[in-house]
Amino acid sequence: GGQQTYSLSIQVLALMTALTVLPALVLSMTAFTRIVIVLAILRQAGSDYPDWVIANYLALPEYLPQRVRDIALDLTATEATPYDRAFVIEEYLRETYTYTLDVDMPPSGRDVVDYFLFDLQQGYCDYYASAMTVLARAAGIPARLVTGYAGGTWQPEAGRIRVTQADAHSWVEI
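None of these values were measured; they are calculated from a predicted model.

Reading the values: the criteria
- Residue positions are given per chain, counting from 1 as you read along its sequence in written order.
- Local features in this predicted model are restricted to residues whose pLDDT is 70 or higher, and side-chain atom pairs enter the listing and the counts only when it is 80 or higher, whereas totals over whole chains, interfaces and linings include all residues.
- Based on all heavy atoms of the structure, the side-chain values leave hydrogens and waters out of the count.
- Between Lys or Arg on one side and Asp or Glu on the other, a salt bridge is scored when a side-chain nitrogen of the former is within 4 Å of a carboxyl oxygen of the latter.
- Segments assigned H or I by DSSP are reported as helices when at least four residues long, segments assigned E as strands when at least two residues long, and all are numbered from the N terminus.
- Think of it in three bands: with a 1.4 Å probe and only protein chains considered, a residue is buried below 20% of the maximum accessible area for its type, exposed above 50%, and partly exposed in between.
- In this analysis, two residues are considered to be in contact whenever any of their non-hydrogen atoms come within 4.5 Å of each other.
- In protein, a polar contact means a hydrogen-donor-capable atom and an acceptor-capable atom, both N or O and within 3.5 Å, with residues adjacent in sequence counting only if both atoms are side-chain atoms; elsewhere, any N or O pair within 3.5 Å suffices.
- To estimate the expected span of a helix, count its residues, drop one, and scale the result by 1.5 Å.

Focus on the pattern of salt bridges
Once their charged atoms are close, side chains differing in charge can pair, the charge on each being opposite to the other.
Working step 1: Taken as a whole and judged by the stated rule, the model has 5 salt bridges.
Working step 2: For R94, the salt bridge goes to E90, with nearest N and O atoms at 3.2 Å. With R94 and E90 both in helix α6 (residues 82-96) and 4 residues apart, this pair spans about one turn of that helix.
Working step 3: For R110, the salt bridge is made with D114, and the minimal N-O distance between the two is 2.6 Å.
Working step 4: Judged by relative accessible area, which is 3%, D114 ranks as buried.
Working step 5: Several salt bridges converge on common partners, so that one network encompasses R67, R110, D114 and D119.

Dropping the structure here:
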């Protein structure tokens, strides 16, 4: 995917949640009001996660370099809620690293997220989503990496959407 589509922003996901959870209330509000309400709900969500969430979405490999864990904790040290920690990580990745499809493969045996964050400092959606997932988990935020396809091209004569490798995409779910 392109730079503009490497992930949906947290605010957009928050608004989408509001539209599915609170439909009657949401219809009578302005978009700004809906976002403010949803952000307040997300900030109050807390971090008392069930055991299955901890086991599946907070686990990190023992061999993860300490400096990756450290950057996650440094970035999020002053943030009070999981939402705010996720937001600051996303903002850091967007502002610090260059989006490009033209990157070399990581060196053999090297942790990919460590390589992206500290050496390569550029990449595409796989790199950003992997880094966001690992940094979120290191900061105590449950996260998972998802891969699939975004978009496609509508072919009116065939009545279908054509999806190709160029539409491949990775994103993080928090």
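Section: helix α7 (residues 112-120)
Working step 1: The complete set of buried residues in α7 reads V113, D114, Y115, F116, L117 and L120.
Working step 2: For α7, the secondary structure elements touched by its buried residues are α5 (66-76), α6, β2 (122-123) and α8 (125-138).
Working step 3: Two or three places before V113, at the opening of α7, D111 has a side-chain oxygen 3.2 Å from that residue's backbone nitrogen.
Working step 4: One or two residues past the end of α7 sits Q121, with phi positive at roughly 55°.

Observations concerning α8
It helps to recall that an α-helix has 3.6 residues per turn; residues three or four apart then point in one direction.
Working step 1: The terminal C-alpha atoms of α8, which comprises 14 residues, lie 20 Å apart, in line with the 20 Å expected from a rise of 1.5 Å per residue.
Working step 2: Most of α8 sits out of view: 13 of its 14 residues are buried.

Comments concerning the environment of V68
Working step 1: Locating V68 in the fold gives a position in helix α5.
Working step 2: Using a relative accessible area of 0% as the deciding quantity, one classes V68 as buried.
Working step 3: As for V68 and A131, which are separated by 63 residues in sequence, their C-alpha atoms are 9.1 Å apart.
Working step 4: When near neighbours in sequence (up to four residues on either side) are disregarded, V68 contacts V113, D114, L117, F118, V134 and L135.

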